[in-house]
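A look at the structure
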Amino acid sequence: MKRIVNIKFLTALVVLFVIASSCTKDFEEMNTDPNNPSTELAAPEMLLTNIIESATDRTYEIFLGHEMGNCWVQHMAKVQYTDEDRYIYRTGVINNAWNSFYSASGMDAVTLYKVATARKHDNYKGIALVMKVYNTSLLTDMFGDVPYTEAWRAGVDDGGILSPVFDTQESIYRDIVKKLDTANLLITEDGSEIAGDIMFNNDLLKWKKFANSMRMRLLMRMSSKDVPYVTAELSKMVADPAKYPVFESNDDNAQLIYLGSNPNNNPINENRKTRDDHRVSKTLIDMMWVNNPNADWRVTVYANTPSAGGYWEGCPNGLTSAKALAYLGNGLTKTSKLGDYFTAATSPGVLMSYAELQFILAEGVQRGLITGAPHTAQEYYEAGIYGSYHQYADEIVANVVAEGFFDEGVTIDEIAADYIENGGAAWDPDNAMERIGTEKWLAMFEQGLQSLFETRRIGYPVLVAGEDNENGGKVPVRFPYPTDEYAKNPTNVAAAVSVQGTDDLNTKVWWNK
Amino acid sequence: MRKLSFLLVLLLLTAMQVLAQRTITGKVTSAEDGGGIPGVTVLIKGTSTGVLTDLDGKYSINVPESATALQFTFVGMTKQEVALTVSNVVDVVMQSEATKIEGVVVTALGISREKKSLGYSVQDVKGEELTKAREANVVNSLTGKVAGVQITNSSGAVGASSRIVLRGVTSLSGDNQPLFVVDGVPISNSNFGGTATDGVNRGSGVADINPDDIESVSVLKGPNAAALYGSRASNGVIIITTKKGKMGKKGIGVAYTNTSTFDSPLRLPDYQNSYGQGSSGKFSFVDGANGGVNDGVDESWGPKLDVGTLIPQWDSPIVDGERQPTPWISHPDNVKDFFEVGTAITNNIAIEGGNENANFRISYTNFNQKGMVPNTDLKRNTFALSAGGNPSKNLSIDGNVNYINSKSDNMPGYGYDAQNVMQQFIWGGRQLNITDLEQYTNEDGSKRNWNYNYHNNPYFTLHENTNKMVRDRIYGNSRVTYKFTDYLSARIGVGVDNWTNWNSARIAYTDIDNPNGFYREEKTTFTETNMDFLIMFNKKLTEDINLSLNAGGNMMNQQNQFNAVEAPELAVPGVYNVSNSKVAQKAFNTYREKAINSLYFSGQLSYQALYLDFSGRNDWSSTLPLENNSYFYPSISLSGVVSDMLSSKPSWLSLAKARISWAKVGSDTDPYQLSPTLSFGDGWNAGTKLLNQFVPNDLPNAELTPQFTNSLEIGANLAFFENRINFDFTWYDGTTTDQIIPIPISGASGFARKFINAGEISNKGIEMSLGLGIIKNPSGLEWIMDINFAKNTNEVVELYEGIEQYQLGTYWDMQVLAIPGQPMGSLFGYDFLRDDDGNVVHRNGIPQQGGLKVLGNYTPDWIGGVNNTLRYKGLEFSFLLDYHKGGDIYSMTNSWGRYAGVLEESLIGREGGIVGEGVKLAEDGVTYVPNDVVVTAEEYNKAAFSNTLQYSSVFDATYLKLREMKLGYTFKQIGPLNNLSISLIGRNLALLYSTVPHVDPETSFSNTNVQGLEFGQLPSSRSLGFSIGVKF
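Residues numbered from 1 in each chain as written. Chains lettered and ligands numbered in written order. Predicted model: local features only at pLDDT ≥ 70, side-chain atom pairs only at ≥ 80, totals over all residues. Heavy atoms only, no water.

Things to note about the overall build of chain B
When helices and strands are counted, chain B shows nine helices and 60 strands. Its C-alpha atoms give chain B a radius of gyration of 32 Å, within 12% of the compact-globule value 31 Å for 1032 residues. Each of the three principal axes of chain B carries a C-alpha extent, and together these read 115 × 70 × 65 Å. Counting the 1032 residues in chain B, one finds 57% classified as buried. Long-range pairs, those at least 24 residues apart, make up 68% of the contacts in chain B between residues at least 6 apart in sequence. Each charge sign in chain B was given a centre, from 83 positive and 104 negative side chains, and these centres are 9 Å apart. (Helix = DSSP H or I, 4+ residues; strand = E, 2+ residues; numbered from the N terminus. Rg over C-alpha atoms; globule rule 2.2 N^0.38 Å. Buried < 20%, exposed > 50% of the residue type's maximum accessible area, 1.4 Å probe, protein only. Contact = heavy atoms within 4.5 Å. Lys, Arg positive; Asp, Glu negative; His and termini not counted. Charge placed at Lys NZ, Arg CZ, Asp CG, Glu CD.)

Set out below in structure tokens:
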């Protein structure tokens, strides 16, 4: 009896021993992630959905787009916790902006390009290029010199580069305008269909238009640096609209129309559910209403009337929190909140509008950068204003009638004409760039980052830093490099600073120098 | 065959001795309870002949006439030698070893060892020490009692987690928590709920272990002691041995204890009570959302209080649609009154018994806690059963099973958001009568609150936005041991730890952040199984040489399943079911599995009082690439009991021991870190749901290799004057290399992190403990003082080429970093702008923001504790002091409390304004002159204290706490009752020293590496109560 127990016991031990030492065969299968698809199973349409959503969300992210973009360009002002409006930025916000344009929407666009190349799908390839350029241009326009040729290459198959070198803004610009040219050629309506496009509803012609319109925006930004090249490229494109289709109306706007509920709602809508920290800037309201010879009727959409009553009133930029709260006796009730149109859940996130393109064309003709254009600078300029009014046509008409400024039945064109005629917006050939810059600034309301780039490039309208600013009285012209990059890529960021200049809010980027 | 020859030899020897001998019989009993002690070795002095006592403690031994004395030895008892006389009966009463130093401890693989034979440092705590002042979480009970153990209790919320770190943080990633082993089986200590700037702290695994069922806790601090436990032991091991019934002790014993404690906040901020809500001295309530004068502002820069002013307020009566002005008066205790007296009642009953061949113990514990925060609770029922027996002479089986059911109807929100009621007490209006908010809806069902801009009514949050929890857990093990011969045995065993944790989070309609409500359910199921075998050989080779060898193997498998469903907005208010969703429901699930197979050996060779220990273990982990998944690591240690080697030991020296040991421990990583995947996003559009995919931020690595920790330890134990003075000293030097960490890489690379083998962290330090029997009077008066001290020097030696910081966590602009050359946990944030002499630069009277720099570090310089016990007959009084020297803390309560003008210091300059101390730019625009610009207190505080200026809210976290106090009396015998004891107890009684204003410096979010941050966690609690225990 005892013997039997012994043998059984020993056998059990031996079996366990064998199992313990040899049973690692299923380890590889066990360690294969069952929760997520491998890279081989990438779905281009799902990547595309994410690229558009992620890039737009980031552009409109409240701290970046609203508080640095819109406040710095003085469309908006902060009335509580006014740090950002005084140019005291949050390092976390800068880190997030950098990391997400690179490693979220940027990396997804790069991955889409790879997937599309492997599957020989030119339309996805072209669209991937458009979105990669959108991300790249935002990054370089914010920071100046940034990683590009070595960016997005951490994967072992892509070179395993963990600390990419920085490229000069000039070299980046020269490449991204070429990439958009390539994208325009790749995207063809008779090519393979796409899906997952939440911006243009899979309309390939609109992607072509976006590629070309954005290309004009970028060419114009580099226009002070290489007049012959920019002139040749812009003129070539304007001369051949069949080959280079561009936005023809607000229907073509590159914009993501958000949906009614979280997480697909507009980031500003989400912010306004719990916060009341912002008011429309005094700079903007003064120009549109308080100091306007008549009125820029878009004010009825851009801003709400103050809760304490009366017409629109802006809040000065760059006050301390205490001063802003005490402004006019009560900054919160005496100043205008952002208009309901912009705080709605479904308010669009605009990446580029028809109106902006018209002002680019106006500037191109005015400065002689576009030869052989079908229209004059003034015509493009006015088309920009009309385009902007049409962007908010229903809301403007409803509001001006409700407020009793116009009679029922008035058309948006009549209202826009009234503005050009009486609101101080008439074309002035002697001060053409001031007119173009100012109207572009007004038209690009709530497109904080792009408006900030354009305003500092054109120099109009002239913005004055708020009284309690902490940037030596200067309006920022650049974003400082992220603290993250100093920690993770110190050698290359130091090299970039030595080339570009002091890493602060005031060093101008290449195209602005 | 060998066995046969051995038996023959034994027989022969016995036969020879029969020639001239007599038989001595007797009984060995315990001095403690008079019961017989089975298994005592009875040895004829000067020979290797001996017998063991039987289950009743009786023995019978044949001794030659030449024998002079018998030696009685038993682990944990003082060795006795009795000279032989003419009598053939020798009864012996054995004493428990007086001090812990010579005691027996449970070491790796569940092997009991005499402490003095160990080559590394082990400190143990007896079960009664843990239940002395009754903490719900057993981890907290170790505070101050063991040198080198740093415990951070996160908050006073019910079920909140505690972080325990042994000998400093070794790894950049993970939580650096030690491995918990209960009766030989590892127990999961995972977090049950996310804790960060949002979420609920649902505690972590070990909180489920019932202190009443614990016999003893051994703390194996360094890897040296723990090497045999493998990968998870690199942060040390805490071995918990549960109570068992005693075999051979006939009859049934019943023990009952009741402990009731009452909790209140240890520390609340010192508020100002002179100014009420508002800004610039103005306030008037219309709608609480900026419709009136500063009525949406949740700050206290408003009009002066208690000067007879009448102002319309949130609770003022409305007459004809007009809110009537009411007296503007202070409510100094408004926050204090919000808290209730928390109660925690524990009832434990245990029945144990046994006979010659079997034993059992059954215990039931009911723990019922009501939080200090209204409407929060935690209930826990624990059933524990352990049993063992010897079905045949050589076969023994034992096992235990524990079932724990924990439940809460509401655990409070914890992060810095509207779901944590503390947030509005960091802000707020000082005139508020907070308890008046108890009724949180108006008669028409609408919200009733003081602010409609930022905050929920706190009672609404606690009654409507509830976080429920139900957790079922079963763990246990069973073992079969077979004894082939006296010196060879083997055992096989299996252990299982299985828990299912179900949480729900309700957010009601009209919530400030989620006006349409919200509902989420989460369920996590975790199972770990361990199957092991061990072959044990233990033989005295000669009189002086003993050899023991163990060899075994283990198969570990861990499965973790997580499911969550969510209704982002509710369609019908008040119905908390995921089907009731206004928008598309969300669902998530993940499954994770890993396995480790191991083979190991350990052994000890002793020669007289010299002990050489060695071990080796090879692991195969499923989480590493096939070619790198096997790794071996050894340990070796040597110890010598110098006092036993001395030819003549001086009478004042009780023990002198020296030890040295070296160990290496390898470890693996989490599953699925090797090959790249895509992730799914939230999707676009509820109706036509477009799925989105994205490239995750972590770049996997197919070339990972195991990480290793090396440690060298040298120590000494000294005891003097019959163990009246005990001194233990340890020096250690440990280094962790090749850590598997997600190293941060430039975002421009397309990823944020890459898994890589990199980084080196070193921990060097000393640990000392001193036990003093200051008074030991024959009358029974006794005063024992235990002092422990530990200084750990932690250094992040290197990260990875080109990487200068490793971010452990970031909250707003406050970053917690690992920086080479500094200890773990640098607090990195904004300083003021300063001139060359370090003066703060002001512009228009406002201090300016400067650059980012290291403002502090959360690692303490040293920690220590002093425990005093005074006994006189049945009376016992004890108290424990706990000291943390150094380390820093960032306090959000200080930052926003100053910004919002609610704290006492914000009174400075309210009337006359403030001239900030420092300089301003002179008119030449180059040089600095003293600042002389007066600004309002509101402007000054808002500039100097905010989330973009951390310098002003970083404090030295040094503290001295009166951690425990107990006054008790034990009645020896009252009728049938044994050991009736009654005691008054207190925990976390007083913060005796701290320079941190307003908050308890001991606080944290969770048990991760992100420490040193105070973000409005619920205050820690001071508990007072009583305990009654009785045995039948």
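Overview of the sheet that holds strand 4 (residues 58–64) of chain B
All names here are of chain B. Here three strands make up an open sheet; going across it, the order is 4-1-7 and the pairing mixed. The sheet is open, and its two edges are formed by strand 4 and strand 7 (92–94), each paired on a single side. On average, each strand axis in the sheet is inclined to that of its neighbour by 35°, with strand direction left out of account. Here seven bridges tie strand 1 (residues 21–30) to strand 4, and the two strands are oriented antiparallel to one another. Each residue of the ladder has a partner; that of Gly-26, found in strand 4, is Tyr-59. (Pairing = 2+ DSSP bridges. Axes fitted to C-alpha atoms, helices over the stretch in contact; angles between N-to-C directions.)

Considering the side chain of Arg659(B)
Residues and elements named next belong to chain B. Mapping Arg-659 onto the fold places it in strand 33 (residues 653–667). Judged by its relative accessible area of 4%, Arg-659 falls in the buried class. A distance of 3.4 Å separates a polar atom in the side chain of Arg-659 from a polar atom in the side chain of Glu-713. (Polar contact = N/O pair within 3.5 Å; in protein donor to acceptor, adjacent residues only side chain to side chain.)

Things to note about helix 11 (residues 282–290) of chain A
Residue and element names in this part refer to chain A. What helix 11 keeps buried is the set Leu-284, Ile-285, Asp-286, Met-288 and Trp-289. Of the surrounding secondary structure, the elements contacted by the buried residues of helix 11 are strand 5 (278–280), helix 12 (299–302) and helix 20 (432–443). Sitting at the head of helix 11, Ser-281 places a side-chain oxygen 3.0 Å from the backbone nitrogen of Thr-283.

So, helix 4 (residues 62–72) of chain A
All names here are of chain A. Of all the eleven residues making up helix 4, ten are buried; the element is thus mostly covered by neighbouring parts of the structure. Taken together, the buried positions of helix 4 are occupied by Ile-62, Leu-64, Gly-65, His-66, Glu-67, Met-68, Gly-69, Asn-70, Cys-71 and Trp-72. With its phi angle positive at about 65°, Gln-74 sits one or two positions after the end of helix 4.

Section: the nonpolar core
Among the nonpolar cores identified, the biggest contains 221 residues, and Trp207(A), Phe210(A), Trp297(A), Phe479(A) and Leu1013(B) are the most heavily contacted of them. Leu142(B), Phe180(B), Val182(B) and Ile238(B) belong to the second-largest nonpolar core, a separate cluster that totals 22 residues. (Core = buried A, V, L, I, M, F, W, Y, C linked by side-chain atoms within 4.5 Å.)

A look at the environment of Ile396(A)
In this structure, Ile396(A) sits in helix 18 (residues 393–402). Spatially, the C-alpha atom of Ile396(A) lies 16 Å from that of Ile285(A), the residues being 111 residues apart in sequence.

What about unusual backbone geometry?
A cis amide bond links Tyr460(A) with the next residue in sequence, Pro461(A), at an omega value of -5°. As for its placement among the helices and strands, Pro461(A) is situated in the loop between helix 21 (448–458) and helix 22 (483–488). One non-glycine residue, Glu722(B), lies in the positive phi region at around 50°. As for its position among the elements, Glu722(B) is in the loop between strand 37 (707–720) and strand 38 (725–737). Since its relative accessible area comes to 67%, Glu722(B) is described here as exposed.

Observations regarding the confidence of the model for chain B
Residues and elements named next belong to chain B. Mean pLDDT over chain B works out to 87, with 94% of the residues at or above the 70 mark. When the criterion is pLDDT under 50, residues 1–19 qualifies, and its contacts beyond four places in sequence or with other chains add up to seven contacts. Here residues 98–102 scores under 50 on pLDDT; set against residues more than four positions off or in separate chains, the count is 14 contacts. Listed scores for the predicted complex are pTM 0.85 and ipTM 0.88. (pLDDT = per-residue confidence, 0-100.)

Overview of the packing of helix 3 (residues 44–59) of chain A against helix 5 (residues 91–118) of chain A
Residue and element names in this part refer to chain A. Two elements in contact, helix 3 and helix 5, have axes whose closest approach is 9 Å; the angle formed by their N-to-C orientations is 160°. Taken together, the axis directions place helix 3 and helix 5 in an arrangement best described as roughly antiparallel. Between helix 3 and helix 5 lies a crossing whose hand is left-handed. Packed against helix 3, whose contacting residues are Pro-44, Leu-47, Leu-48, Asn-50, Ile-51, Ser-54, Ala-55, Arg-58 and Thr-59, the element helix 5 presents Asn-96, Ser-100, Phe-101, Ala-104, Ser-105, Asp-108, Ala-109, Thr-111, Leu-112 and Val-115 at the interface. Taken together, the residues of the contact of helix 3 with helix 5 sort by class into ten nonpolar, seven polar and two charged. (Parallel < 35°, antiparallel > 145°, perpendicular 65-115°, else oblique. Left-handed = near helix turned anticlockwise from the far one by under 90°. Nonpolar A, V, L, I, M, F, W, Y, C, P; charged D, E, K, R; others polar.)

Quick notes on the packing of aromatic side chains
Remark: the centre distance and the inter-plane angle together describe each pair of aromatic rings, the angle taken between the planes. Counted by the stated rule, this structure contains 63 aromatic pairs over all chains. Aromatic side chains Tyr81(A) and Trp896(B) sit 6.5 Å apart centroid to centroid with 75° between the ring planes, which places their arrangement in the edge-to-face category. Here Trp896(B) lies in helix 8 (residues 892–899) and Tyr81(A) lies in the loop between strand 1 (76–78) and helix 5, a pairing that spans two chains. Comparing Tyr81(A) with Trp896(B) shows no difference in burial state: the two are buried. Residues Tyr364(B) and Phe383(B) carry aromatic rings whose centres are separated by 4.9 Å and whose planes lie at 35° to one another, so their mutual orientation is tilted. Taken as a pair, Tyr364(B) in strand 23 (residues 358–370) and Phe383(B) in strand 24 (residues 377–392) lie far apart in primary sequence, 19 residues in all. A residue is classified by how much of its surface remains accessible, and Tyr364(B), at 30% relative accessible area, is partly exposed. Since its relative accessible area comes to 40%, Phe383(B) is described here as partly exposed. Site record: aromatic cluster; members linked through ring pairs are Trp72(A), Tyr87(A), Trp98(A), Tyr102(A), Phe143(A), Trp152(A), Phe166(A), Phe479(A) and Tyr481(A). (Phe/Tyr/Trp six-rings, centres within 6.5 Å; stacked < 30°, edge-to-face > 60°.)

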